Structure formats: C-alpha cells, structure tokens
Amino acid sequence: MIGAKPRADWLPPEIERDNKGFVKTGAAVADAPAWKGAKRPPGPLETSRPGIFAVGDVRSGSVKRAAAAVGEGGMAVEGIHQALGTYA
Ligand SMILES: Cc1cc2nc3c(=O)[nH]c(=O)nc-3n(C[C@H](O)[C@H](O)[C@H](O)COP(=O)(O)OP(=O)(O)OC[C@H]3O[C@@H](n4cnc5c(N)ncnc54)[C@H](O)[C@@H]3O)c2cc1C
C-alpha cells in the first residue's frame, strides 16, 4: 500500500533508514559517518549520504499526503542547488 511500506530495502546501508525502513534525512542523519567532518550540516531532505535526497512517502517522518510529496520534491531542487554550490 502506498505510504505504508517504504520498499526501500534495495538501498545500500550507507543510506540510513528508520526501524520501519523509511529513509532518514536532515538532523536524523547528522551523526552519520559520511557527515563526520563535513563543512555543512545535512539539508532537511538530505540523507546520510551527502548529495543524496529523499522526498515524499519514502522519507522518514514525512506527511503521507500528495501535496506534501510534491512540495518536498520542489524543496529538494533548492537543496540540490545549495549542495552543488558547496563544490564550486
Ligand atoms: C488508498 C490511498 C488513498 C490516499 N488518499 C490520499 C488523499 O486523499 N490525499 C492525499 O493527499 N494523499 C492521499 N494518499 C497518499 C498519497 O497517495 C501519497 O502520499 C503520495 O502518492 C506520495 O507520493 P510519492 O511520490 O512520495 O510516492 P508514490 O506515489 O508511492 O510514488 C513512488 C513511485 O515509485 C515507484 N517505485 C517504487 N520502487 C521503485 C523502484 N525500485 N524503482 C522504480 N520505481 C519505483 C512506485 O511504483 C511509485 O510509482 C492516499 C494513499 C492511498 C494508498
């Protein structure tokens, strides 16, 4: 059922998930190994792997609604621009 099961078990372990399998983002991954020593904290939709984003139902803690998923998609675009800017 959409939203009830994340079906994200194909992801590598570097992309951390919560105890129900939803992808963790933002403050929840600040202590992930890949963020240790990073010059910036993870963005609100950024996963335990810098530069990888998760939005919508699959994201841990997300509001399981269509408008929320679409809005997070739009937010992720800005997050990606910000992340790319740190490599310039
Ligand atoms: C019965 C029901 C009623 C709902 N009613 C409402 C409502 O009235 N209002 C509302 O706002 N929300 C409602 N929702 C919730 C809404 O449908 C979801 O919040 C929304 O669809 C989430 O969008 P999403 O893009 O995050 O995920 P999804 O819509 O689930 O899209 C994810 C897509 O990824 C695909 N996918 C999965 N794994 C892979 C893979 N490995 N490779 C490639 N593709 C893959 C899936 O097939 C799917 O097409 C309802 C949900 C259900 C189940």
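Residues numbered from 1 in each chain as written. Predicted model: local features only at pLDDT ≥ 70, side-chain atom pairs only at ≥ 80, totals over all residues.

(A) Looking closely at the overall build of the protein chain. A count of helical and extended segments in the protein chain gives one helix and zero strands. Scaling as 2.2 N^0.38, a compact globule of 88 residues should have a C-alpha radius of gyration of about 12 Å, and the protein chain matches this with 13 Å. Expressed as lengths along the three principal axes of its C-alpha atoms, the size of the protein chain is roughly 40 × 25 × 20 Å. Within the protein chain, buried positions represent 20% of all 88 residues. A separation threshold of at least 6 residues defines the contact pool for the protein chain, and within that pool the share at least 24 residues apart is 42%. (Helix = DSSP H or I, 4+ residues; strand = E, 2+ residues; numbered from the N terminus. Rg over C-alpha atoms; globule rule 2.2 N^0.38 Å. Buried ≥ 20, exposed ≤ 12 C-beta atoms within 10 Å, placed from the backbone. Contact = placed C-beta atoms within 7 Å.)

(B) Seen up close, unusual backbone geometry. Phi angles above zero are rare outside glycine, and Arg7 is one such case at about 50°. Checked against the element boundaries, Arg7 lands in the segment before helix H1 (66-85).

(C) Structural context of the nonpolar core. Counting residues in hydrophobic clusters, the biggest one holds six residues: Val23, Leu45, Phe53, Ala54, Val55 and Ala76. Once residues within four sequence positions are removed from consideration, Val55 is found in contact with Leu45, Ala69, Glu72, Gly73 and Ala76. (Core = buried A, V, L, I, M, F, W, Y, C linked by C-beta atoms within 7 Å.)

(D) H1, seen in detail. For H1, spanning 20 residues, the distance from its first C-alpha to its last is 29 Å, which sits close to the expected 28 Å at 1.5 Å a residue. Residues Glu72, Ala76 and Gly79 constitute the buried set of H1. On an axial view of H1, the arc spanned by its buried residues comes to 70°, and they lie on one face. What points out from H1, more than 90 degrees from its buried face, is the exposed set Ala67, Val70, Gly74, Val77, Glu78, His81, Leu84 and Gly85. (Expected span 1.5 Å × (residues − 1). Arc of directions from axis to C-beta.)

(E) Fine view of the environment of Ile52. Within the secondary structure, Ile52 sits in the segment before H1. The partly exposed category is assigned to Ile52, around which 18 C-beta atoms lie within 10 Å. As a C-alpha pair, Ile52 and Ala83 span 31 residues in sequence and 9.6 Å in three-dimensional space. When sequence neighbours within four positions are dropped, the list of residues in contact with Ile52 reads Ile15 and Thr47.

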